[in-house]
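Fold and geometry: a report
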Amino acid sequence: MIPRNTPDTIYAELFEAVQTGHVFPDSKTFVDAIPRHDPNSILVSYRKNGHKRDFDLANFVADHFELPRCEEAEALPDLQRPVREHIELLWDVLTRAADTDNPDSSLISLPKPYIVPGGRFREIYYWDSYFTMLGLADAARHDAIEDMVENFAFLVDEIGFIPNGNRTYFCSRSQPPFFVLMVELLAEVRNDPDLVQKYLPQLRLEYEFWMKGADTLDEDRSVTARVIKVGDGFLNRYWDDRDDPRPESYAEDSEHAARSGRDAREFYRNIRAACESGWDFSSRWLDRTETLESIRVTKIIPVDLNALLYRLETVLANGYERAGDTGLAGFFSGRADRRRDLLQTLFFDDEAGFFVDLDYPDLEPTGVRSLAAAYPLFLEIASPDQAAGVAALLRDRFLAPGGWVTTLHASGEQWDKPNGWAPLQWIVFKGLGNYGFADQADVGAERWVQNNLNVYKQTGRLLEKYDVEHIGELATGGEYAVQDGFGWTNAVLLRFMNHLAID
């Protein structure tokens, strides 16, 4: 059943005409559309009629495709509705029932209900879902958490990994590997540690996806796809198995590639790899910090990804220890120990007192400071002294009037200054708390809450990102307008408000 062909393959020159002709303001609209009848007959009709002088492409698409709707945007905002009521209402608005499979749709059907982020994001998204689950836990919607974990386990079993989202055109990449934290959260809310054991096979398959090709590396060949050999250990980078334009951003990618002056396939691979990171896009990934054409994700070894994979290795080691498989327990324990050593040494910039990404192949700091530095605190990898250094820089450089800013550079990309994002607010907050900086964590959380509430009072909406330097101004940047919904914002806001006892 999975994966099926992607819309660019199915619709061929019709797809290219729609996307390059900018029939829709958002290129994602067409790849999410559902054909009203057999796709091949639609393509035959286009080939027969598309060259005629009176042919209208927009009308042709409207006649032959059912266009996606934004259901939460149709729920009119109520400026008098308390934000907690709004969040409770949105859980149901953002929930999608278990899918009925449509082989002509780009949507990959899932067996259980799930929650989408909102706006143009009409499908489940991998790393978004962990943060959404935090809010579901606080809302006592434990069955919804279990349904989503089951869906991700289904995707691992069917595809071999968890794709960016449940769309055919996402099946060449993943996103930051939060599945292990989802499983741990489910075990916590169910008060059942054995649940981790239940999902051990899927956790192992996800690890094998990220480590594919590791056994082919040696001193002469140190990198393949997502894996880099460093001494007797391994590190990972973001990647994508395809090197052509993203179907959901076909025109934009083609135009950027043409302007870049680079090998087009190299550019496409890097733009796709940025989507696997979840930070699409940021000066973190750019050679020239304000030029998307200079994107170089595959030349960067990211601290956040490696911190998450350390957690996965430790959980696998513990899981196999409980299962009585001492051989595999020792294998994963050894992998985790070596990765932790690399994280504490190579990834920590002693001069700056901050965790950083590394350039490949020289393994030197990239020079970009970002909130990814909080991951080793969030996952309790940092030493106390390292955590103190990170906390100081977060306090002095990243804490803004409305929360923590994502990077220190204003490039115009959405994962940069002046924007802040709910998942990173949670990671910083939790990371600081893990090392005794609870007061500092609370200051950032309170500022984020007040920023969210300020915008909510103006708009009646909860949005995917916020301008944390200019309270009350809507965030900008990125390939699309700021989106409403919004799963991870609702969840982190609810959790912060509960922690701070804010009504």
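That block above? That's the structure.
Everything numeric here is computed off the predicted structure, so don't read it as measured data.

Turning next to helix H17 (residues 422-434). Taking 1.5 Å per residue, 13 residues should reach 18 Å; H17 reaches 18 Å between its end C-alpha atoms and fits that length. In terms of burial, H17 is a largely internal element, 10 of the 13 residues being buried. The complete set of buried residues in H17 reads Ala422, Pro423, Leu424, Gln425, Trp426, Ile427, Val428, Phe429, Gly431 and Leu432.

On to the packing of aromatic side chains, then. A full pass over the atoms with the stated rule returns 44 aromatic pairs. Ring geometry for tyrosine 11 versus phenylalanine 30: centroids 5.9 Å apart, planes at 55 degrees, classification tilted. Of this pair, tyrosine 11 sits in helix H1 (residues 7-20) while phenylalanine 30 sits in helix H2 (residues 28-32); the two residues are 19 residues apart in sequence, bridging distant segments of the chain. For phenylalanine 30, a relative accessible area of 2% gives the class buried. With a centroid separation of 5.8 Å and an interplanar angle of 10 degrees, the aromatic rings of tyrosine 320 and phenylalanine 332 are classed as stacked. Linking tyrosine 320 in helix H13 (residues 303-322) with phenylalanine 332 in helix H14 (residues 326-345), this pair joins segments that are 12 residues apart in sequence. Given a relative accessible area of 10%, tyrosine 320 falls into the buried group. Taking the ring centre of tryptophan 210 as reference, the NZ or CZ of arginine 226 above it sits at 5.9 Å. In this arrangement the basic side chain of lysine 229 is found over the ring face of phenylalanine 234, its NZ or CZ atom lying 5.1 Å from the centre.

We now examine the nonpolar core. Counting residues in each nonpolar core, the largest one holds 169 residues, and the members touching the most others are Leu14, Phe178, Phe179 and Ile295. Looking at this core, the element that brings in the most residues is H13, giving 11 residues. With residues near it in sequence (within four places) discarded, isoleucine 295 still touches Arg262, Phe267, Asn270, Ile271, Ala274, Phe281, Trp285 and Leu286.

Moving on, we come to empty space enclosed by the protein. In this approach the atoms are scanned with a rolling probe the size of a water molecule, which exposes any empty space left behind. In this structure the tally under the stated criterion is 3 cavities of 30 Å³ or more. In this structure, the largest cavity occupies an estimated 330 Å³ of space. As for the largest cavity, its lining consists of 29 residues, and the residues nearest its centre are Arg120, Phe121, Tyr125, Asp280 and Tyr480. When its residues are assigned to classes, the lining of the largest cavity shows 12 nonpolar, 6 polar and 11 charged. Lining the second largest cavity we find Asn5, Pro7, Ile10, Tyr11, Phe30, Val31, Ala33, Phe65, Asp104, Ser105 and Ser106. Of all the secondary-structure elements, those providing two or more residues to the lining of the second largest cavity are H1 and H2. The element contributing the most residues to the lining of the second largest cavity is H1, with 3 residues. The residue makeup of the lining of the second largest cavity, split by class, is 7 nonpolar, 3 polar and 1 charged.

What the 3 strands build is an open sheet, ordered S5-S6-S7; its pairing is antiparallel. Looking at the sheet topology across the chains shown, the edges are occupied by strand S5 (223-224) and strand S7 (233-236). Bridging between strand S6 (residues 227-230) and S7 involves 4 bridges; their strand directions are antiparallel. Note that in S7 the partner of valine 230 across the bridge is glycine 233.

Criteria and thresholds
- Counting restarts for each chain, with residues numbered from 1 along the sequence as it is written.
- Local features are withheld for residues below a pLDDT of 70 in this predicted model, meaning they are given only at 70 or higher, and side-chain atom pairs are given and counted only at 80 or more; totals for whole chains, interfaces and linings count all residues.
- The side-chain figures draw on all heavy atoms in the structure; neither hydrogens nor water molecules are used.
- Here a helix means four or more residues in a row that DSSP labels H or I, a strand means two or more in a row labelled E, and each is numbered from the N terminus.
- Expected helix span is computed as 1.5 Å times (number of residues minus one).
- A 1.4 Å probe rolled over the protein chains alone gives each residue an accessible area, and that area as a share of the maximum for its type sets the label: buried under 20%, exposed over 50%, partly exposed in between.
- Think of it this way: a Phe, Tyr or Trp ring, Trp meaning its six-membered ring, pairs with another when their centres are within 6.5 Å, and the plane angle makes it stacked under 30 degrees, edge-to-face over 60, tilted otherwise.
- Charge-over-ring contacts are defined here by two conditions on Lys NZ or Arg CZ: a distance within 6 Å of the ring centre and an angle within 35 degrees of the ring normal.
- What we call a nonpolar core is a set of buried Ala, Val, Leu, Ile, Met, Phe, Trp, Tyr and Cys residues that are connected through their side-chain atoms within 4.5 Å.
- Any two residues whose heavy atoms approach within 4.5 Å are treated as being in contact.
- Cavity means a closed set of points on a 1 Å grid over the protein atoms alone, one where a 1.4 Å probe fits but cannot get out, pocket means an open set with protein on both sides within 12 Å along at least 5 of 7 lines, and lining means a residue has an atom within 4 Å of a point.
- Grid points are joined across faces, edges and corners, and a volume is the space filled by probe spheres set on the points.
- Any residue outside Ala, Val, Leu, Ile, Met, Phe, Trp, Tyr, Cys, Pro, Asp, Glu, Lys and Arg is labelled polar, Gly included; the first ten of those are nonpolar and the last four are charged.
- Think of it this way: DSSP has to see at least two bridges between two strands before they count as a pair.

Read these as layout, nothing more, since geometry by itself doesn't imply function.
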